[in-house]
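So you can see what is in the structure, the chains are spelled out below.
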Amino acid sequence: MGAQLRVYKRRIQAVTATKKITKAMEMIAASRIVKAQRKVAASMPYATELTRAVTAVATGSSAKHPLTTEAEAPTRAAVLLVTSDRGLAGGYSSNAIKAAERLRERLASEGKEVDTYIVGRKGVAYYGFRERKVEEFWTGFTDNPAYSDAKRIAAPLIEAIQKETAEGGVDELHIVFTEFVSMMTQNAVDDRMLPLSLDEVAEESTRKGEILPLFEFEPSAEDVLDALLPRYVESRIYNALLQAAASEHAARRRAMKSATDNAGDLIKSLSRLANAARQAEITQEISEIVGGASALADATAGSDK
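These figures come from a predicted structure and were not determined experimentally. (Residues numbered from 1 in each chain as written. Predicted model: local features only at pLDDT ≥ 70, side-chain atom pairs only at ≥ 80, totals over all residues. Heavy atoms only, no water.)

Things to note about the nonpolar core
Point 1. Counting 42 residues, the largest nonpolar core has Leu80, Ile153, Leu157, Leu194 and Ile237 as its most contacted members.
Point 2. For this core, the element with the highest residue contribution is helix 6 (residues 221–304), accounting for 14 residues.
Point 3. Among all residues touching Ile237, those that are not within four sequence positions of it are Leu80, Ala150, Ile153, Ala154, Leu157, Ile175 and Met193.
Point 4. Of all hydrophobic cores here, the second largest spans 13 residues; its members include Ile97, Ala99, Val114 and Tyr127. (Core = buried A, V, L, I, M, F, W, Y, C linked by side-chain atoms within 4.5 Å. Buried < 20%, exposed > 50% of the residue type's maximum accessible area, 1.4 Å probe, protein only. Helix = DSSP H or I, 4+ residues; strand = E, 2+ residues; numbered from the N terminus. Contact = heavy atoms within 4.5 Å.)

Notes on the pairing of strand 1 (residues 76–82)
Point 1. Where burial is concerned, most of strand 1 is hidden: seven out of the seven residues are buried.
Point 2. Neither face of strand 1 is left uncovered, since the one carrying Arg76, Ala78, Leu80 and Val82 and the one carrying Ala77, Val79 and Leu81 both have all their residues buried.
Point 3. Bridge count between strand 1 and strand 2 (residues 113–119): seven bridges; the pairing is parallel. Looking at the pairing, Leu81 lines up with Ile118 of strand 2.
Point 4. Note on the crossover from strand 1 through helix 2 (residues 92–109) to strand 2: the handedness is right-handed.
Point 5. In terms of strand pairing, strand 1 meets strand 4 (residues 172–180) through five bridges, oriented parallel. Note on strand 4: the bridge partner recorded for Ala77 is Glu172. (Pairing = 2+ DSSP bridges. Right-handed = clockwise from strand over helix to strand, strands pointing away.)

Re the environment of Ala188
Point 1. Checked against the element boundaries, Ala188 lands in strand 5 (residues 186–194).
Point 2. On the accessibility criterion, Ala188 (25% relative accessible area) is partly exposed.
Point 3. In this structure, the C-alpha to C-alpha distance between Ala188 and Ser247, residues 59 residues apart in sequence, is 9.5 Å.

Things to note about the side chain of Glu101
Point 1. The topology assignment puts Glu101 in helix 2.
Point 2. There is a polar contact of 2.8 Å between the side chain of Glu101 and the side chain of Arg132. (Polar contact = N/O pair within 3.5 Å; in protein donor to acceptor, adjacent residues only side chain to side chain.)

Regarding the packing of aromatic side chains
Point 1. In total, this model carries three aromatic pairs according to the counting rule given.
Point 2. The interplanar angle of 65 degrees and the centroid separation of 5.6 Å between the aromatic rings of Tyr126 and Tyr127 together place this pair among those described as edge-to-face.
Point 3. The exposure class assigned to Tyr126 is partly exposed, which follows from its relative accessible area of 21%.
Point 4. In this structure, Arg132 packs its charged tip against the face of Tyr127, placed 5.5 Å from the ring centre. (Phe/Tyr/Trp six-rings, centres within 6.5 Å; stacked < 30°, edge-to-face > 60°. Lys NZ or Arg CZ within 6 Å of the ring centre and 35° of its normal.)

Things to note about a nonpolar patch on the surface
Point 1. Together, Ile282, Ile286 and Val290 line one region of the surface with nonpolar side chains, adding up to about 270 Å² of accessible area.
Point 2. Summarising the element assignment, Ile286 is placed in helix 6. (Patch = residues over 30% accessible without salt bridge, like charges linked within 9 Å, V, L, I, M, F, W, Y side chains within 5 Å. Areas by Shrake-Rupley, 256 points an atom, 1.4 Å probe, with all protein chains shown as cover. Salt bridge = Lys/Arg side-chain N within 4 Å of Asp/Glu carboxyl O.)

A closer look at the side chain of Ser93
Point 1. Along the chain, Ser93 falls in helix 2.
Point 2. Ser93 gets classed as buried once you look at its relative accessible area, which sits at 11%.
Point 3. One polar contact links the side chain of Ser93 to the main-chain amide nitrogen of Ser84, over a distance of 3.2 Å.
Point 4. Ser93 has contacts with Thr83, Ser84 and Lys122, leaving out every residue within four places of it along the chain.

With respect to the pattern of salt bridges
Point 1. Here the structure, examined in full by the defined rule, presents 17 salt bridges.
Point 2. Among the salt bridges present, the one from Arg32 reaches Asp143, with a minimum N-O distance of 3.8 Å. One end of the pair, Arg32, is in helix 1 (residues 2–59); the other, Asp143, is in the loop between strand 3 (136–138) and helix 4 (147–162), with 111 residues separating them in the sequence.
Point 3. A salt bridge links Asp190 to Arg106, with the shortest nitrogen-to-oxygen separation between them at 3.3 Å. Here the residue Asp190 occupies a position in strand 5, and Arg106 occupies one in helix 2, the gap between them amounting to 84 residues.
Point 4. Within the structure, one salt-bridge network assembled from shared partners comprises Arg106, Glu110, Lys112, Glu172, Asp190 and Arg192.

Points about the packing of helix 2 against helix 3 (residues 121–129)
Any two packed helices are characterised by how steeply their axes cross, that is the angle between the axes, and by the distance between the axes.
Point 1. Remark: helix 2 packs on helix 3, axes separated minimally by 10 Å, with the N-to-C direction vectors making an angle of 55 degrees. Comparing the axis directions of helix 2 and helix 3 gives the class oblique. Both helix 2 and helix 3 take part in a crossing whose hand is right-handed. For the pair helix 2 and helix 3, the contacting residues are Ser93, Ile97, Ala100 and Glu101 in the first and Lys122, Gly123, Tyr126 and Tyr127 in the second.
Point 2. Of the residues that constitute the contact of helix 2 with helix 3, the class distribution is four nonpolar, two polar and two charged. (Axes fitted to C-alpha atoms, helices over the stretch in contact; angles between N-to-C directions. Parallel < 35°, antiparallel > 145°, perpendicular 65-115°, else oblique. Left-handed = near helix turned anticlockwise from the far one by under 90°. Nonpolar A, V, L, I, M, F, W, Y, C, P; charged D, E, K, R; others polar.)

Here's the deal with the environment of Ser148
Point 1. With respect to the secondary-structure elements, Ser148 resides in helix 4.
Point 2. Residue classification places Ser148 among the partly exposed residues on the basis of a relative accessible area of 44%.
Point 3. Each C-alpha atom of the pair Ser148 and Tyr238 lies 8.9 Å from the other, and the pair is 90 residues apart in sequence.

Re the sheet that holds strand 2
Across a sheet, strands are paired by hydrogen bonds formed along the backbone, either parallel or antiparallel in direction.
Point 1. Read from one edge of the open sheet, five strands run 3-2-1-4-5, paired in mixed fashion. If you trace the sheet from one side to the other, it starts and ends with strand 3 and strand 5, each paired once. Strand after strand, the sheet turns through a mean of 20 degrees between neighbouring axes, direction not considered.
Point 2. Examined bridge by bridge, strand 2 and strand 3 share three bridges and lie parallel to one another.

Printed below as a string of structure tokens:
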């Protein structure tokens, strides 16, 4: 009985230590969410105005450019998948991977080959385990991305969209990331970065009551679009990385809170079992003492006779 009590005590100590770790991780994730949200909010005005500038150039000229011109028969697409470098975040990375798989199937059904680019060790591990080809990958910054990271990611994607498909280029750029909606809601989404859908932008501007201004371009609309292309792709990727980082912290906080609550419930259950084992041990000792006293009394009574 004493051995069983010691087992319960060791398990309680182990679960208590785990609970301290998960509680600390929950608090760290909660503190980082606020910083990530601020970065997302700060990046939105630049991304919005840059999109408006690109739209103004495209609608105000007849220039054909990879940024705005749809291919007549697109045959190849690039997909950038944003996952996490670390685990313990619930279904955060798996949801993004599932969204990328759905997008891949949809593009394949349209007759398009897919080149995959990955951010985060979880996505790299998933594709590596299944021995799938990955064009390029980047790791080590998913929980706190910088604009320089977005520039490194954007460089090969911009190069691919500017090439002809026969030379290894692509007709479309897609990005799959986790959109931060609230502390409790994060949605894995896929978004087409290029070519930019001017009809959707115009419809959004109309809905908001905005009027796109008219410009004259120097030296030419093509040169302006060439200058805006890398900035546009970088800003879209940076905003996606920031939203993904905020979503990762929120998912990790929620997962760690659940783990902490479960550890607390397990400690209570083990404590009840330990108390029951201790009471059983005490009862057995009392029974042995009473039995021994009774036997000694019987023996003493027999000797007196």
